[in-house]
Amino acid sequence: MAVLSRNWQRIIIWAVALGLIATLIADWGEWDKFALGLGWRVLIAAVGGVAGLLLNYFFGHYITMGTNVIESMGITTFSDDKHQKIENGFVFMGALVGAILAMIFVR
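Predicted, not measured: the structure shown is a model, and the values here were computed from it.

**Brief notes about the environment of Thr 23**
With respect to the secondary-structure elements, Thr 23 resides in helix α1 (residues 2-26). For Thr 23, a relative accessible area of 0% gives the class buried. Measuring from C-alpha to C-alpha, the distance between Thr 23 and Ala 99 comes to 8.8 Å, with 76 residues separating the pair along the chain. Not counting chain neighbours up to four residues away, the residues in contact with Thr 23 comprise Trp 28, Phe 34, Gly 37, Leu 38 and Arg 41.

Here is the structure:
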């Protein structure tokens, strides 16, 4: 629960941004359905963000191991906040997949 309370703002921001973009693409010109479609798409993108957070919880350590291997080989060094960036990547990809699915299925 601490992970969700730490990341709820990030999930909401990605859900609103991606939900708005998906709604503008899907419902352009159909302004009577805009508000309802926006609400559904933001909600589905937020659920996708939470799913991305769950994926990070269960599989994020594999990405961290990969970055540690790359750093130990001397190819490049990552910043100190790489765990937060990996977490944000999972949340973004979950919200993006949710927004794309919402754009396809919400009519």
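**Focus on the packing of helix α2 (residues 34-73) against helix α3 (residues 82-105)**
Helix packing for two helices is described by the angle between their axes and how far apart those axes are. It is the contact of α2 with α3, at a shortest axis distance of 6 Å, that shows an interaxial angle of 145 degrees. Where α2 crosses over α3, the handedness of that crossing is right-handed. Counted by class, the contact of α2 with α3 contains 13 nonpolar, 11 polar and four charged residues.

**With respect to the side chain of Thr 67**
Within the secondary structure, Thr 67 is located in helix α2. Dropping the residues within four chain positions of it, Thr 67 is found in contact with Phe 78, Lys 82 and Ile 86.

**Here's the deal with the packing of α1 against α2**
Across the interface, α1 lies against α2 with an axial gap of 7 Å and an inter-helix angle of 140 degrees. Judged by the inter-axis angle, α1 sits oblique to α2. Helix-helix and strand crossings are classified by hand; for α1 and α2 the assignment is right-handed. Residue-level contacts link Val 3, Leu 4, Asn 7, Ile 11, Ala 15, Val 16, Gly 19, Leu 20, Ala 22, Thr 23, Leu 24 and Ala 26 of α1 to Phe 34, Gly 37, Leu 38, Arg 41, Val 42, Ala 45, Ala 46, Gly 49, Val 50 and Leu 53 of α2. Looking at the contact of α1 with α2 residue by residue, the class counts come to 16 nonpolar, five polar and one charged.

**Some points on the confidence of the model for the protein chain**
Model confidence for the protein chain is summarised by a mean pLDDT of 90, while 99% of its residues fall at 70 or above. Per-element confidence in the protein chain ranges from a low mean pLDDT of 90 for α1 to a high of 92 for α3.

**Some details on a nonpolar patch on the surface**
Among the surface-exposed residues, Leu 4, Val 50, Leu 54, Leu 55, Tyr 57, Phe 58, Phe 59, Tyr 62 and Met 65 lie close enough to one another that they form a single nonpolar patch of about 910 Å² accessible area. Examining the composition of the nonpolar patch, we find that eight residues originate from one element, α2, more than from any other. As for its placement among the helices and strands, Met 65 is situated in helix α2. Accessibility expressed as a relative area gives 46% for Met 65, which makes it partly exposed.

About the thresholds
Residues numbered from 1 in each chain as written. Predicted model: local features only at pLDDT ≥ 70, side-chain atom pairs only at ≥ 80, totals over all residues. Heavy atoms only, no water. Helix = DSSP H or I, 4+ residues; strand = E, 2+ residues; numbered from the N terminus. Buried < 20%, exposed > 50% of the residue type's maximum accessible area, 1.4 Å probe, protein only. Contact = heavy atoms within 4.5 Å. Axes fitted to C-alpha atoms, helices over the stretch in contact; angles between N-to-C directions. Left-handed = near helix turned anticlockwise from the far one by under 90°. Nonpolar A, V, L, I, M, F, W, Y, C, P; charged D, E, K, R; others polar. Parallel < 35°, antiparallel > 145°, perpendicular 65-115°, else oblique. pLDDT = per-residue confidence, 0-100. Patch = residues over 30% accessible without salt bridge, like charges linked within 9 Å, V, L, I, M, F, W, Y side chains within 5 Å. Areas by Shrake-Rupley, 256 points an atom, 1.4 Å probe, with all protein chains shown as cover. Salt bridge = Lys/Arg side-chain N within 4 Å of Asp/Glu carboxyl O.

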